[in-house]
Every structure is written in structure tokens, then in C-alpha cells.
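# Coordinate inspection notes
Chain by chain, the residues run as shown.
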Amino acid sequence: MATPTPGTALIVIDMLNTYAHEDAEALVPSVREALPAITTLLEHARASASPVVYVNDNFGEWRSHHGEILRAALAGRHADLVEPVAPDDESLFVVKARHSIFFETPLAYLLNQLGTERLVLCGQVTEQCVLYSALDAHIRHFDVVVAQDAVAHIDAELAAAALRMMRTNMSAVISPVDDIAFDARPAP
């Protein structure tokens, strides 16, 4: 495994999903494939006491909070894709309404308060929310790592192009989960 980098946070994008949207059936097989790598990333981040931040769409439910979003996802058609990646008691949570994890959310402020310099992105959808989030992270001067085996797509060709764009245009490191390290932080 690579040398740990200080100030690293794991960002889990839109994994609390009811899969009740029009692209769900195209997305689900890719989520199933990425799920083991996402759970491995979660284990590594938690073992090193690195911050784990879930940034999740509220699906237009403006009165929802993270507990309601999680309950709805666990009651959805594919709870088996949600349960293994459910937030633990130490996880942080930011609700978003658009594609980027930063668009009109307090995430940048939170990451600054945590002393975060490097973001490891995982979740869904590679060619949509992950791509736009990587761009917004880059323009905010975060170092970006995209866990290529821990992101799910709707369209494989667009996802491959998105990964190339993130590497080329945003200086993102595109890396398999096994090559991503988190900094070990002392217990509080």
C-alpha cells in the first residue's frame, strides 16, 4: 500500500439510494461490482481514523435529514447495496441537491475545519456526480483521488471518458483501492 497522506478524507457520494429513478436498472450492476471496493475503502479510512463524509442527494425531499435518507434507502428495492456501506456513528453527513458535492453545501467549510487537503472519492455516478465533484474539488485546490474500482456508472463509455477527464483536466489520481492509503491519526 502507498505511503499515507496527511489530511485525507474519504467522500462517499450518493450511496444511500432508493434506486427508484429512471437510470437505476442501468446503474445497479455497476454498483454491485463496485461495492466490495467501497467497503474496503470505508474499512481503511475508519481504521486510520480518517474522516468519512457521506454526501448524498436528498432526492427532492427538503424536509429530510441523514437518518431519513438512510431509512428510505434501506427500505428501497436494493437495500443490499446500501446496508454494507451505511454510515457508522463516527461518519459525517452532508445533504446535496445537485450533482456536485460542493454546490451550495457546507462541505468546503467542513473539510477546511478538518484540515483536509486530499479527497478520496468513491460512489456513484462516475460520469455525473463523481465527475462534477472532482472538478469542484480541483478548483478549490484539494488533491483529488478517484478510486477507480469504487465508483459506479450508468454508461461505461462515458465513465471511462470521465475518468480520463479527471486525470487529464483536473490532475486527479485515478487509482485502484489497494493503492490508496489513509493517514493514521491518533485516537482522541
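Residues numbered from 1 in each chain as written. Predicted model: local features only at pLDDT ≥ 70, side-chain atom pairs only at ≥ 80, totals over all residues. Heavy atoms only, no water.

Turning next to the overall build of the chain. Looking only at helices and strands, the chain features six helices and six strands. For a compact globule of 188 residues, the expected C-alpha radius of gyration is about 16 Å, and the chain comes in at 15 Å, within 12% of that figure. Counting only C-alpha atoms, the chain reaches 40 × 40 × 30 Å along its principal axes. Each of the 188 residues in the chain was classed as buried or not, and the buried ones make up 49%. Sequence separation of 24 or more characterises 83% of the internal contacts of the chain that already satisfy a separation of 6 or more. If you sum the accessible surface of the chain, you get close to 9,200 Å²; carbon and sulfur atoms cover 53% of it. Looking at the chain, you have 12 positive and 25 negative side-chain charges, and the mean spots of the two groups are 4 Å apart. (Helix = DSSP H or I, 4+ residues; strand = E, 2+ residues; numbered from the N terminus. Rg over C-alpha atoms; globule rule 2.2 N^0.38 Å. Buried < 20%, exposed > 50% of the residue type's maximum accessible area, 1.4 Å probe, protein only. Contact = heavy atoms within 4.5 Å. Areas by Shrake-Rupley, 256 points an atom, 1.4 Å probe, with all protein chains shown as cover. Lys, Arg positive; Asp, Glu negative; His and termini not counted. Charge placed at Lys NZ, Arg CZ, Asp CG, Glu CD.)

Here we take up the pairing of strand 1 (residues 8-13). The buried fraction of strand 1 amounts to six of the six residues, a majority that puts the element mostly inside the structure. Of the two faces of strand 1, the one holding Thr8, Leu10 and Val12 and the one holding Ala9, Ile11 and Ile13 are both buried throughout. With six bridges joining them, strand 1 and strand 4 (residues 118-124) adopt parallel strand pairing. By the bridge assignment, Leu10 is partnered in strand 4 with Val120. As paired elements, strand 1 and strand 2 (residues 52-57) share four bridges and run parallel to each other. Note on strand 2: the bridge partner recorded for Ile13 is Val55. Running through helix 1 (residues 24-47), the crossover from strand 1 to the neighbouring parallel element strand 2 is right-handed. (Pairing = 2+ DSSP bridges. Right-handed = clockwise from strand over helix to strand, strands pointing away.)

With that settled, the discussion passes to unusual backbone geometry. In this chain, Gln124 is followed by Val125 through a cis amide linkage whose omega measures 5°. For Val125, the location among the structural elements is in the loop between strand 4 and helix 5 (126-139). Its identity as a non-glycine residue notwithstanding, Asp14 has a phi of 55°, on the positive side. Position of Asp14 relative to the elements: it lies in the loop between strand 1 and helix 1. The phi torsion at His141 lies on the positive side, around 70°, for a residue other than glycine.

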